[in-house]
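# Understanding the architecture of this molecule
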Amino acid sequence: MTTCVPAPKQPEALKEFYEGIIFPLQKDHVHGPTVVELPNGDVLAGWFQGSGERWADDVRIMGARLHKGDTTWSEPFVLADKPGFPDINPMMFMDTQERLWLMWYPVLSNLWESSLPMYRISKDYNGEEAPVWDWQDVLLVKPGDPTERGIQPDDRFVAGVHKQLEEYEAYFKKENLPQYPEEKKKEYLAHWEAYKAKVDSLAKGENMIQKGKIKKADGETEEAMLGYPLSRRIGWQTKNKPLIIGERLIVPLYSDGMDVSIFAISDDWGANWQFSSPVLGDAGIQATLAVKKDSTLVAYFRDNGAPPKRIQVSESKDKGLTWSIPIDTELPNSGAGFDMLTLQSGEWLILYNDSEEHRHNVAVAISDDDGETWKWKKYLENDTREENATKSHYPAVIQGENGMIHVIYSHHYNDKDDGPNKTVKYLTFPVDWVKSE
């Protein structure tokens, strides 16, 4: 059983830079952490823990609490567990009604393609341990048009996939991309047609062909063998916190099976959902969101595609319903999750692995021009050993009511293979620390 970790007492109780671990090193796999500040000032952390990831049925969502002004985390407790299924990638946030949300996904058949997003809501979260959940539901994802008798030829989701693939191909072929010299472009394009065919086939449901009916303009139907949308109804996964604009909730989702991202949108706090157009091109997943000063929505994506690895960016002009193709930024990405937020000042803060090859450092950077440049950067971790470097990755970040930054990430030692070697690390610091000399 884990025990709580007393952290060194800090001046003025967590009002300056503070660093510690939430629980002692574990042999269990502990990963995918999330963090939220509750209205009373407590900090709630979550992560998934078990003997593996999707292939380990004992994985559950764990949590711990740091009471306001304290330096000692509580004993870990269970936040969610569907017995007999791996529970993965928790994400917590507060809505405008001061309700706590937990979103995550059980994996139905030990493959990412069988993930099923769920959420819980609580109004009773100020106790000593886990919140008391008032509501739980499955987030049933239904992008595109109705498919009662099969996916129709003019289906919106299929059209959206085609549009993104065509636009990305045109961008890739025509643009002068310094990170892609001609030889690397040829290598990439050699696999492009097969990749397009795979994504297109899954979008059309061609892995589940059944008898169906094509609806004609005159209202009549024509029998045909059509695809059915199982691959775009399940397999959706969570990672980063949503964006809340007024009463609109925009939740990033992604599919490892299809290499596609979408956004689940609710204007009534989960009573009803609609879904954005698909976002794809170079396998961008695990989006994190911000808003420009002109109200344009910006999504940054993890690069799950071919090298060179870069954080990718896409924009929406209609509050998240449609998105541009994701293109590379200057920020490196090693195919690892990252997170960002809009500060109280309006500046953006991003937390990421500052490398194309590894997850051995964690950088925090700030932009005051909507992500055009990142003028200030500091390292929270930077293990430069060539062998057995500690892996620090999958961060989450929030800003507390008092302006302090709260950071959490997986912290896995590679030089302790003969014993417990994994934990989750927590840091808090003022914004000015990032800008200091």
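Overview of the structure. What you are looking at is a predicted structure, and each value in this text was computed from that prediction instead of being measured.

What counts and what doesn't
Residues numbered from 1 in each chain as written. Predicted model: local features only at pLDDT ≥ 70, side-chain atom pairs only at ≥ 80, totals over all residues. Heavy atoms only, no water. Helix = DSSP H or I, 4+ residues; strand = E, 2+ residues; numbered from the N terminus. Buried < 20%, exposed > 50% of the residue type's maximum accessible area, 1.4 Å probe, protein only. Contact = heavy atoms within 4.5 Å. Expected span 1.5 Å × (residues − 1). Polar contact = N/O pair within 3.5 Å; in protein donor to acceptor, adjacent residues only side chain to side chain. Bend = angle between axes of the 7 residues up to and from the residue. Salt bridge = Lys/Arg side-chain N within 4 Å of Asp/Glu carboxyl O. Phe/Tyr/Trp six-rings, centres within 6.5 Å; stacked < 30°, edge-to-face > 60°. Lys NZ or Arg CZ within 6 Å of the ring centre and 35° of its normal. Pairing = 2+ DSSP bridges. Axes fitted to C-alpha atoms, helices over the stretch in contact; angles between N-to-C directions. Core = buried A, V, L, I, M, F, W, Y, C linked by side-chain atoms within 4.5 Å.

### What about the overall build of the chain?
What the chain contains, in helices and strands, is four helices and 27 strands. For the chain, the C-alpha atoms occupy an extent of roughly 75 × 50 × 50 Å along the three principal directions. Taking all 437 residues of the chain together, 59% fall into the buried category. Put simply, of all contacts in the chain between residues at least 6 apart along the chain, 51% involve residues at least 24 apart.

### A word on helix 1 (residues 156-174)
With 19 residues, helix 1 extends 27 Å from end C-alpha to end C-alpha; this agrees with the ideal 27 Å at 1.5 Å per step. Sitting at the amino-terminal end of helix 1 is aspartate 155, which places a side-chain oxygen 3.0 Å from the backbone nitrogen of phenylalanine 157.

### Describing helix 2 (residues 182-203)
If you check helix 2, its first and last C-alpha atoms are 31 Å apart, about what 22 residues at 1.5 Å a residue would give, namely 32 Å. Its maximal kink placed at tryptophan 192, helix 2 deviates by approximately 35 degrees. Listed in full, the buried residues belonging to helix 2 are Lys185, Tyr188, Trp192, Tyr195, Lys196, Val199, Asp200, Leu202 and Ala203. Here the buried face of helix 2 lies against helix 1, helix 3 (230-233) and strand 15 (260-266). Two residues or fewer past helix 2, glycine 205 is found with a positive phi of approximately 70 degrees.

### Here's the deal with the pattern of salt bridges
In the structure shown here, the tally under the stated rule is 24 salt bridges. Several salt bridges converge on common partners, so that one network encompasses Glu169, Lys173, Glu193 and Lys196.

### Focus on the packing of aromatic side chains
Evaluation of the coordinates by the stated rule reveals 20 aromatic pairs. Ring plane angle 15 degrees and centroid distance 5.7 Å describe the contact between phenylalanine 17 and phenylalanine 429, whose orientation is recorded as stacked. Placement of the pair is phenylalanine 17 in the segment before strand 1 (18-21) and phenylalanine 429 in strand 27 (residues 422-429), with a sequence separation of 412 residues. Since its relative accessible area comes to 0%, phenylalanine 429 is described here as buried. Ring centres of phenylalanine 23 and tryptophan 47 lie 4.7 Å apart, and the angle between their planes is 35 degrees; on these two criteria the pair is classed as tilted. Taken together, the residues span a long stretch of sequence, with phenylalanine 23 in the loop between strand 1 and strand 2 (29-37) and tryptophan 47 in strand 3 (residues 43-50) at a distance of 24 residues. Accessibility assignment for this pair places phenylalanine 23 and tryptophan 47 in one class, buried. Over the face of the ring belonging to tyrosine 394 we find lysine 239, whose NZ or CZ atom lies 5.0 Å from the ring centre. One Lys or Arg, lysine 378, reaches over the ring of tryptophan 433 and ends 4.5 Å from the middle of that ring.

### Remarks on the pairing of strand 11 (residues 221-227)
With seven bridges connecting them, strand 10 (residues 209-215) and strand 11 associate as antiparallel partners. Counterpart to glycine 212 in the pairing with strand 11 is alanine 224. With antiparallel pairing between neighbouring strands as the criterion, strand 10 and strand 11 make up a hairpin whose turn holds five residues, including glycine 219 at a positive phi of roughly 95 degrees.

### Examining the sheet that holds strand 17 (residues 284-291)
Taken in spatial order, the four strands make up an open sheet running 17-18-19-20, and their pairing is antiparallel. Since the sheet does not close on itself, it has two edges, and those belong to strand 17 and strand 20 (327-332), each with one partner. Each neighbouring strand pair of the sheet contributes to a mean axis angle of 35 degrees, computed without reference to strand direction. The sheet contact formed by strand 17 and strand 18 (residues 297-303) spans six bridges and is antiparallel. Bridging across to strand 18, glycine 284 finds its partner in aspartate 303.

### Quick look at the pairing of strand 25 (residues 391-399)
Buried residues dominate strand 25, accounting for eight of its nine residues. Summarising the sheet, strand 25 and strand 26 (residues 405-412) pair through seven bridges and their orientation is antiparallel. Considered in strand 26, the bridge of serine 392 is made with histidine 411. The turn linking strand 25 back onto strand 26 is made up of five residues, and glycine 403 within it adopts a positive phi angle of 95 degrees.

### With respect to unusual backbone geometry
Of note, the bond from proline 307 into proline 308 is cis; its omega dihedral lies within 30 degrees of zero at 5 degrees. Looking at where proline 308 falls in the secondary structure, it is placed in the loop between strand 18 and strand 19 (310-316). Here the phi dihedral of aspartate 259 falls at roughly 55 degrees; this positive angle occurs in a residue that is not glycine. If you trace the backbone, aspartate 259 turns up in the loop between strand 14 (248-255) and strand 15. The phi dihedral of asparagine 388 is positive, around 60 degrees, even though this residue is not glycine. Summarising the element assignment, asparagine 388 is placed in the loop between strand 24 (376-382) and strand 25.

### Thoughts on the nonpolar core
Residues Trp101, Leu139, Val251, Leu253, Ile262 and Trp273 are the most contacted members of the largest nonpolar core, which totals 38 residues. Looking at this core, the elements that each hand over two or more residues are strand 6 (87-94), strand 7 (100-106), strand 8 (118-122), helix 1, helix 2, strand 14 and strand 15. Among the elements that line this core, the one with the most residues is helix 1, at seven residues. Contacts of valine 251, omitting those with residues within four sequence positions, involve Met91, Met103, Pro242, Ile262, Phe263, Ala264 and Trp273.

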